[in-house]
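Working through the structure, step by step
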Amino acid sequence: MTTHARSASGRSRNLTIAGVLLLALAVVAGAIVWATRGDANASENSSSNFPSAKPAAPGDVVTTAGPVSKLDMEFLAKVRQANLWEAPAGRLAQTHGDSEAVKRAGMHVMDGHSKLDEFVRNTAEALNVSLPDQASTEQQGFVRTLENAQGADFDKKFANILRGTHGKIFVTIAQVRASTKNSLMRRFASEVNTTVLDHQNVLDDSGLVDEATYDDIASTF
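Predicted model only: the values in this text are computed from it and were never measured. (Residues numbered from 1 in each chain as written. Predicted model: local features only at pLDDT ≥ 70, side-chain atom pairs only at ≥ 80, totals over all residues. Heavy atoms only, no water.)

1. Examining the overall build of the protein chain
Along the backbone of the protein chain there are 7 helices and 0 strands. In sequence order, the secondary structure elements of the protein chain are arranged as α-α-α-α-α-α-α. Within the protein chain, the proportion of its 221 residues that are buried is 34%. Long-range contacts, defined here as pairs at least 24 residues apart, represent 77% of the contacts in the protein chain between residues at least 6 apart. Per element, the accessible surface of the protein chain, about 13400 Å² overall, is 56% carbon and sulfur. (Helix = DSSP H or I, 4+ residues; strand = E, 2+ residues; numbered from the N terminus. Buried < 20%, exposed > 50% of the residue type's maximum accessible area, 1.4 Å probe, protein only. Contact = heavy atoms within 4.5 Å. Areas by Shrake-Rupley, 256 points an atom, 1.4 Å probe, with all protein chains shown as cover.)

In structure tokens:
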């Protein structure tokens, strides 16, 4: 009887230990499953917080600041070319001009386009966009016209030529600023807008801009 009782008691302890082990394994397995699901949910939630970038349009150049469109690149080139002839034209106003209003306008044009030239070159470099190194044939002709004028004749030609070119590019500035997907281009267009608006104001203040010049600008819209 004693031997049988001990044997039964031993089997009971073994069963108890086995049960405890099975329970522990079940708890560990449950924890692993819970952790795995938690990681999966965390990964899913994390991914959902970061929407994928929209694909660039055909012809766009992709940069970390956003895609650079064909219009963006053309605008950079136009501003660069404007700087190459308008800054020298502003200097000519100091030596060839007659009225103080034109000389003042010339200083604004010279200073503004000198600063814009540094800005456009830095922006183009950051966006890996090539820039022209000379003004267009028409723009070079503007400079020659002003070089060959003096006094009141210079004042009249300076006010109308530069008011015409500034007015025509003003629409392009607005288009780029409104539509570009690139953050550097938005900043650049805003700066160009401020500069060109200032130049239009001082040229208008000269009182020398003809109605025909305003009509010519309007015809390009």
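We are not done yet, so read on.
2. With respect to the pattern of salt bridges
Throughout the structure, instances matching the rule amount to 6 salt bridges. A salt bridge links D204 to R163, with the nearest nitrogen and oxygen atoms 2.7 Å apart. One end of the pair, D204, is in helix 6 (residues 183-205); the other, R163, is in helix 5 (residues 151-179), with 41 residues separating them in the sequence. Here R163 falls in the buried class, since its relative accessible area comes to 10%. One network of salt bridges, in which partners are shared, links R80, D117 and R121. (Salt bridge = Lys/Arg side-chain N within 4 Å of Asp/Glu carboxyl O.)

3. Some remarks on helix 4 (residues 137-147)
All of the buried residues along helix 4 are Q139, G141, F142, V143 and L146. In this structure, the buried residues of helix 4 make contact with helix 2 (70-96) and helix 5.

4. Re the confidence of the model for the protein chain
Regions with low pLDDT should not have their predicted coordinates read in detail. Overall, the prediction assigns the protein chain a mean pLDDT of 81, with 71% of residues at 70 or greater. Predicted confidence is poor over residues 1-59, with pLDDT under 50, and the contacts of this stretch with residues over four places away or in other chains come to 4 contacts. (pLDDT = per-residue confidence, 0-100.)

5. Things to note about the layout of surface pockets
In this model, the largest pocket occupies a volume close to 510 Å³. At the level of secondary structure, the elements contributing two or more residues to the lining of the largest pocket comprise helix 2, helix 3 (100-127), helix 4, helix 5, helix 6 and helix 7 (211-219). Take the lining of the largest pocket: its biggest share by element is 8 residues, from helix 5. (1 Å grid on protein atoms, 1.4 Å probe; cavity = no way out; pocket = protein on both sides within 12 Å on 5 of 7 lines; lining within 4 Å. Points joined across faces, edges and corners; volume = space filled by probe spheres on them.)

6. Side note on the packing of aromatic side chains
Think of a pair of aromatic rings as described by two things: how far the centres are apart, and how the planes are tilted against each other in angle. One pass over the structure, following the stated rule, counts 4 aromatic pairs. Both rings, one in F119 and one in F188, keep their centres 5.4 Å apart while their planes meet at 80 degrees; by these two values the pair is edge-to-face. Note that F119 is positioned in helix 3 and F188 in helix 6, a separation of 69 residues in sequence. Each member of the pair F119 and F188 is classed as buried. Here the aromatic residues F75, F119 and F188 are joined through ring pairs into a cluster of three or more. (Phe/Tyr/Trp six-rings, centres within 6.5 Å; stacked < 30°, edge-to-face > 60°.)

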